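If you want the building blocks of each chain, they are given just below.
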Amino acid sequence: MSTHAAARVAAPTRREQILREAARLFAERGFHGVGVDEIGAAVGISGPGLYRHFPGKDAMLAELLVGISERLLEGGRLRVSEDAARGDGSPEALLDALIEGHIDFALDDRPLITLHDRELDRLRDTDRKRVRRLQREYVEVWVGVVRALYPALAENEARVTVHAVFGLLNSTPHLARPESRPDARPGREATAALLHRLARGAFAAAAAEPV
């Protein structure tokens, strides 16, 4: 079981339930298209009851976007430290682990990808800068692993390729929802395997000698 999946085994707290439903509703209808009462109804409490957990919608949005950036960075660093602790790891296996972790996020937290694309600019300046800083640090974790596997790949090329792979993996909100069209795309396992092959192919192509 992946680190990301293991974290989901425990039953979510009320606060986590609120954030999950807020992310879903914000992604579906936009930040301004959702009221506090609707978020409360989605988790079975009154709208005013939400204020025991969050001061308002802005705070929910900030926690969602800052929180996912923190979790991705922490997950990436954890995989690197676990690989180093084993002492016999390989850059290839570590890159596979990073890809798998990001695919878990891309498939399981699609509303957060939509939310980031649409609503990041609504954050306070300090929160937005924090998200950007966390994202840059996450990219650099990947760049170090990619260059360890492909040492001939220049640092700037590795960084561009990492961003391109993130764009590929984060395209999951555009996939057809299986519950609305069961035959529209492969199941989760097959989709994850396909995304993994595409990501590895992108890194291999970047490192290949130009024809």
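Please refer to the structure higher up on the page.
What comes next concerns the included structure. This is a predicted model, so every value here is computed, not measured.

Reading the values: rules and limits
- Within every chain, residues take consecutive numbers counted from 1 along the sequence as written.
- Local features are withheld for residues below a pLDDT of 70 in this predicted model, meaning they are given only at 70 or higher, and side-chain atom pairs are given and counted only at 80 or more; totals for whole chains, interfaces and linings count all residues.
- Side-chain metrics rest on all non-hydrogen atoms present in the structure, leaving aside hydrogens and water.
- Note on conventions: DSSP H or I runs of at least 4 residues are helices, E runs of at least 2 residues are strands, and numbering of each starts at the N terminus.
- Only the C-alpha atoms count toward the radius of gyration. The rule for a globule is 2.2 Å times the residue count to the power 0.38.
- Remark: exposure states derive from per-residue accessible area (1.4 Å probe, protein chains only) relative to the maximum for the residue type, with buried under 20%, exposed over 50%, and partly exposed in between.
- What makes two residues a contact is simply this: any of their non-hydrogen atoms within 4.5 Å.
- Calculation of accessible area relied on Shrake-Rupley with a 1.4 Å probe; when residues are assessed, cover is drawn exclusively from the protein chains displayed.
- Lys and Arg are tallied as positive, Asp and Glu as negative. Neither His nor the chain termini are counted.
- Here the site of a charge means atom NZ of a Lys, CZ of an Arg, CG of an Asp or CD of a Glu.
- Buried Ala, Val, Leu, Ile, Met, Phe, Trp, Tyr and Cys residues that are joined via side-chain atoms within 4.5 Å together make up what is termed a nonpolar core.
- Pairing of aromatic side chains here covers Phe, Tyr and the six-membered ring of Trp, requires ring centres within 6.5 Å, and sorts the geometry by plane angle: under 30 degrees stacked, over 60 edge-to-face, intermediate tilted.
- Comment: the charge-over-ring label is applied if NZ (Lys) or CZ (Arg) is within 6 Å of the ring centre and within 35 degrees of the ring normal.
- A helix is expected to span 1.5 Å multiplied by its residue count minus one.
- The term salt bridge refers to a side-chain nitrogen of Lys or Arg lying within 4 Å of a carboxyl oxygen of Asp or Glu.

## Remarks on the overall build of the chain
Counting its secondary structure elements, the chain contains 9 helices and 0 strands. Listed N to C, the secondary structure of the chain is α-α-α-α-α-α-α-α-α in terms of helices and strands. Taking 2.2 N^0.38 as the reference for a compact globule, 211 residues should give roughly 17 Å; the C-alpha atoms of the chain span a radius of gyration of 19 Å, in line with that estimate. Based on the C-alpha atoms only, the size of the chain along its principal axes is roughly 60 × 45 × 35 Å. Out of the 211 residues belonging to the chain, those deemed buried represent 40%. In the chain, of all internal contacts separated by at least 6 residues, the share reaching a separation of at least 24 is 70%. On the chain, roughly 11500 Å² of surface is accessible, and the fraction owed to carbon and sulfur atoms is 53%. With 30 positive and 31 negative side-chain charges, the chain shows a spacing of 4 Å between the two charge centroids.

## Concerning the side chain of Glu 21
The topology assignment puts Glu 21 in helix α2 (residues 14-29). Overall, the relative accessible area of 13% leaves Glu 21 in the buried class. Those residues in contact with Glu 21 that sit more than four places away from it in its chain are Ala 42 and Val 43.

## With respect to the nonpolar core
Counting 56 residues, the largest nonpolar core has Phe 26, Ile 39, Met 60, Trp 142 and Phe 203 as the members making the most contacts within it. Of all the secondary structure elements, the ones that give two or more residues to this core are α2, α3 (36-43), α4 (57-86), α5 (91-108), α6 (110-119), α7 (125-149), α8 (155-169) and α9 (188-207). Leave out the neighbours within four places in its chain, and Ile 39 touches Ile 18, Ala 22, Leu 25, Phe 26, Val 34, Leu 50 and Met 60.

## Some remarks on the packing of aromatic side chains
Throughout the structure, instances matching the rule amount to 5 aromatic pairs. Consider the rings of Phe 26 and Phe 31, whose centres lie 5.1 Å apart with planes at 55°: the pair is tilted. The pair formed by Phe 26 and Phe 31 is uniform in burial state, with each residue classed as buried. Taken together, the ring pairs connect Tyr 138, Trp 142, Phe 166 and Phe 203 into an aromatic cluster. Sitting over the ring of Phe 31, Lys 57 keeps its end group 4.4 Å from the ring centre.

## Some remarks on α5
In this model α5 runs 26 Å from its N-terminal to its C-terminal C-alpha over 18 residues, within 8% of the 26 Å that 1.5 Å per residue would give. Along α5, the residues that are buried comprise Leu 94, Leu 95, Leu 98, Ile 99, Gly 101, His 102, Ile 103, Asp 104, Phe 105, Ala 106 and Leu 107.

## Quick look at the pattern of salt bridges
Applying the stated rule across the entire model yields 19 salt bridges. In this structure, the salt-bridge partner of Arg 130 is Glu 70, at a minimum N-O distance of 2.3 Å. Of this pair, Arg 130 sits in helix α7 while Glu 70 sits in helix α4, placing them 60 residues apart in sequence. Looking at Glu 70, the relative accessible area reads 24%, which means it is partly exposed. For the salt bridge of Glu 155 with Arg 159, the shortest nitrogen-to-oxygen distance reads 2.7 Å. Taken together, the positions of Glu 155 and Arg 159, both in helix α8 and 4 residues apart, correspond to about one turn of that helix.

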